[in-house]
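# What the coordinates show
Single-letter residue listing:
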Amino acid sequence: MKNIVILISGRGSNMQAIADARIAGARIAAVISNKADAEGLAWARARGITTASLNHKDFDGRDAFDAALAELIDTFAPDLVILAGFMRILTPGFVGHYENRLMNIHPSLLPAFTGLHTHERAIAEGVKFAGCTVHFVTAELDHGPIVAQAVVPVHDADDAAALAARILVEEHRLYPQAVADFVAGRLTIAGQRVLRRD
Ligand code: GRF
């Protein structure tokens, strides 16, 4: 059984999709948030999933917070750590500690539109397709080997909320699949590429 620890900061809909997928061979060992009042924590708690929170404001800087966070995560002996709307930039030390076992989902077709406000920026740039990307996390923000992507059309009438909603449907399908592939040992990282065998 592989232990999964999920980090969230807000509603946690991707965390819910992963939990609801009941991935064979995986158990969600804990859901951890940097915000004690994150909506997703209440959902997980109600499901009987272990939860914890660690407020970054209680720490003197990123290094101290990330060190404490890693210490907490490691008490759950994770095989995979999942970022699911975890709104913190992580230090290279933290990322290095979880090398090849730290995944993120980003609501754009990376390497386009890294960072925040992806949907607004995609519409402003006039792209005709947008989507989401699951990738392994490296020290460079929203870079790292791409595990999977899903594409959606951008319609003329879209505003950021409409596009975000269309992409979120794909996120909820893509992320559990990527986690299942990891858990089943189907993924191999080869430089910047992730190769998937059936
Ligand atoms: C998602 O759009 C995800 O791609 C981004 O943050 C959002 C989190 O949403 N990283 P949720 O908390 O999973 O509902």
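Residues numbered from 1 in each chain as written. Predicted model: local features only at pLDDT ≥ 70, side-chain atom pairs only at ≥ 80, totals over all residues. Heavy atoms only, no water.

## Things to note about the side chain of S108
What counts, and what does not: Only DSSP runs of H or I covering at least 4 residues are called helices, and only runs of E covering at least 2 are called strands; the numbering of each starts at the N terminus. Side-chain atoms alone can form a polar contact between residues adjacent in sequence; in general such a contact is a pair of N or O atoms within 3.5 Å, and within protein one must be able to donate a hydrogen while the other accepts it. Contacts: residue pairs with any heavy atoms within 4.5 Å of one another.
Structurally, the position occupied by S108 is in the loop between β5 (102-106) and α5 (118-125). In terms of polar contacts, S108 uses its side chain to reach the backbone carbonyl oxygen of A112, at 2.7 Å. Not counting residues within four places of it along the chain, the set of residues in contact with S108 comprises F113, T118, G131, C132 and T133.

## Considering the site of the ligand
Where we set the bar: Near, as used in this document, describes a residue that has one of its heavy atoms within 4 Å of the molecule or strand being considered. The Shrake-Rupley method, run with a 1.4 Å probe sphere, supplies the accessible areas, and residue values consider only the shown protein chains as cover. When residues are grouped by polarity, Ala, Val, Leu, Ile, Met, Phe, Trp, Tyr, Cys and Pro land in nonpolar, Asp, Glu, Lys and Arg in charged, and all others, Gly among them, in polar.
Neighbouring the ligand are R11, G12, S13, N14, G85, I105, P107 and E171. At 2.9 Å, a backbone N or O of N14 approaches an oxygen atom of the ligand. The contact in question runs from an oxygen atom of the ligand to an N or O atom on the side chain of E171, over 2.7 Å. For the ligand, the protein covers 85% of the area, taking 360 Å² as the surface of the free molecule. Each residue belonging to the shell around the ligand can be placed in one class, and the counts come to two nonpolar, four polar and two charged.

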